[in-house]
Each structure stands twice: as C-alpha cells, then as structure tokens.
Amino acid sequence: ASQAFQVVDISERAHDGGTALAIQFDQPINRAQNIDEYLRVSLAEGGEVDGAWILSDNAKTAWFGNIEPETRYHVKIYPGLYSSQGTRLASSKVEEITTRKIVPGAEFKSNGHFMPGSLADGLVVSSINVAEINIDFFHIDEDQTAKFLQNLRYRSGGLWSQYYIDRMTRYGKL
C-alpha cells in the first residue's frame, strides 16, 4: 500500500540567487499535471500574485519566485495533486508566510581595479533592493600611473580602507 502524499514544509527559502516561496512534499509530484491548478499565492490583504510554480529537479519542491521582501503571503494548496507514485493529496492546506527584510546592497561583479576606456564595455554592478547607485571614478594622471600601480600592488591582498581611498587623490582626480 502506498503511503499518504503530504506537504512537509511551506516557507521562504534561498533559490536561484534570490528568495522564493517553497512547498516541500514527502514524495515527488507527478509532472504530467499542471501544479498551478493546485497551488496558489495571494497577498494576505487580498489579491492573487502573478507568477508560476516551478518544480525542482527531484519534483519534491515547488518554487514560487515572484515575491517581495517584508510582505505577507497566503499560500494555499488544494487537494487532488498527485504524487509520481499515484497517491493523491487528500486535504487542503493554507499557510501565511511573511517574507524577510532584504538589506539593500550593491557590489561590483569583478574584483578588477581598472577600467581602460578602450577595452571596457562597461562596469557590471549587482544590486538588491536598490533603485539607483552613485559611483565615483578616479581618473589617474598619466604621469602618476606607475606610482599608483606600485601602491596598488601592496594593497592587493584586501579591501581598500578609507585611508587608502582618501590618499588616491595624490594620483589623480575624481
């Protein structure tokens, strides 16, 4: 006899470089069915959230990635969903999930220190929860390049401290 098909967990989890709502099942879901008919996400204040559920490779987790930080969601699972073993989810389940606050931040996607005008297509910056980023660029004077590079060599093992950033004005200008 097959064991009952059950929901193990409903929560917010890290997924694919961000966060997503995740429903974990104790058995793989039958991929032949449309899981969006059985899984729904709505705002706690009302109104469905646009998006689609995506199954994990092992079909035991359904992911919903169209979520915002610090938001209350209702996740509803309707009965009738089948596992790959033919057992059916017998009852519905509703869970309220409040997503975590995401601290705003930005980072350069490389650790390079140079952006030569003739070779660079741009500066890749990754941001989260930030609408706009202001970046200051130093232009190193041509006659100061050797001194700048020598100083850079001694600092290459770690992050630039405010002390070294303040001293960069000796080599050029903003």
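Residues numbered from 1 in each chain as written. Predicted model: local features only at pLDDT ≥ 70, side-chain atom pairs only at ≥ 80, totals over all residues. Heavy atoms only, no water.

Considerations on the overall build of the protein
Link 1 in the chain: Of regular secondary structure, the protein possesses two helices and eleven strands.
Link 2 in the chain: Helices and strands appear in the protein in the N-to-C order β-β-β-β-β-β-β-β-β-β-α-α-β.
Link 3 in the chain: Burial analysis of the protein (174 residues in total) assigns 28% to the buried set.
Link 4 in the chain: Taking as baseline every contact in the protein between residues at least 6 positions apart, the subset at least 24 positions apart corresponds to 57%.
Link 5 in the chain: Carbon and sulfur atoms provide 47% of the accessible area of the protein, an area that totals close to 11,700 Å². (Helix = DSSP H or I, 4+ residues; strand = E, 2+ residues; numbered from the N terminus. Buried < 20%, exposed > 50% of the residue type's maximum accessible area, 1.4 Å probe, protein only. Contact = heavy atoms within 4.5 Å. Areas by Shrake-Rupley, 256 points an atom, 1.4 Å probe, with all protein chains shown as cover.)

Considering the pairing of strand S5 (residues 61-64)
Link 1 in the chain: Of the two faces of S5, both are covered, the one formed by Thr-61 and Trp-63 as well as the one formed by Ala-62 and Phe-64.
Link 2 in the chain: Of the strand pairs in this sheet, strand S2 (residues 18-25) and S5 are connected by four bridges, and their pairing is antiparallel. The partner of Leu-21 across the bridge, within S5, is Phe-64.
Link 3 in the chain: Pairing of strand S4 (residues 54-55) with S5 involves two bridges; the strand directions are antiparallel. Note on S5: the bridge partner recorded for Leu-55 is Ala-62.
Link 4 in the chain: Connecting S4 to the next strand, S5, in antiparallel fashion are five residues, including Ala-59 with a positive phi near 60 degrees. (Pairing = 2+ DSSP bridges.)

Considerations on the nonpolar core
Link 1 in the chain: Core analysis: the largest hydrophobic core is formed by 24 residues, its most contacted members being Leu-21, Ile-23, Phe-25, Ile-35, Leu-39, Trp-53 and Leu-81.
Link 2 in the chain: Those elements giving two or more residues to this core turn out to be strand S1 (7-15), S2, strand S3 (39-43), S5 and strand S6 (72-77).
Link 3 in the chain: When residues no more than four places from it in sequence are discounted, the contact partners of Leu-39 are Ile-23, Phe-25, Trp-53, Ala-62, Lys-76, Ile-77 and Leu-81. (Core = buried A, V, L, I, M, F, W, Y, C linked by side-chain atoms within 4.5 Å.)

Section: the sheet that holds S6
Link 1 in the chain: Spatial strand order, S3-S6-S7: three strands in an open sheet with antiparallel pairing. The open sheet has two edge strands with one neighbour each: S3 and strand S7 (93-98). Strand-to-strand, the axes of this sheet are offset by a mean angle of 20 degrees, without reference to chain direction.
Link 2 in the chain: In this sheet, S7 lies alongside S6 in antiparallel orientation, the contact comprising six bridges. The residue bridging Val-75 from the neighbouring strand is Glu-95, located in S7. (Axes fitted to C-alpha atoms, helices over the stretch in contact; angles between N-to-C directions.)

Overview of the pattern of salt bridges
A side chain of one charge can pair with a side chain of the opposite charge when the charged atoms of the two come close.
Link 1 in the chain: The final tally for this structure, using the stated rule, is five salt bridges.
Link 2 in the chain: The partner of Arg-72 in a salt bridge is Glu-45, with the nearest N and O atoms 4.0 Å apart. Of this pair, Arg-72 sits in strand S6 while Glu-45 sits in the loop between S3 and S4, and the two are 27 residues apart along the sequence.
Link 3 in the chain: With a relative accessible area of 37%, Arg-72 lands in the partly exposed category.
Link 4 in the chain: Taking relative accessible area as the criterion, Glu-45 reaches 62% and is therefore assigned exposed. (Salt bridge = Lys/Arg side-chain N within 4 Å of Asp/Glu carboxyl O.)

Some words on the confidence of the model for the protein
Link 1 in the chain: Per-residue pLDDT for the protein averages 83, and the proportion of residues at 70 or more is 81%.
Link 2 in the chain: Across the protein, element-level confidence peaks in S5 with a mean pLDDT of 97 and bottoms out in helix H2 (residues 162-167) with 64. (pLDDT = per-residue confidence, 0-100.)

Points about the pairing of S2
Link 1 in the chain: Bridge analysis of S1 against S2 gives eight bridges, and the strand direction is antiparallel. Its bridge partner being in S2, Ser-11 is matched across the sheet by Ala-22.
Link 2 in the chain: Taken together, S1 and the strand that follows it, S2, pair antiparallel across an intervening segment of two residues, in which Asp-16 is found at a positive phi of about 50 degrees.

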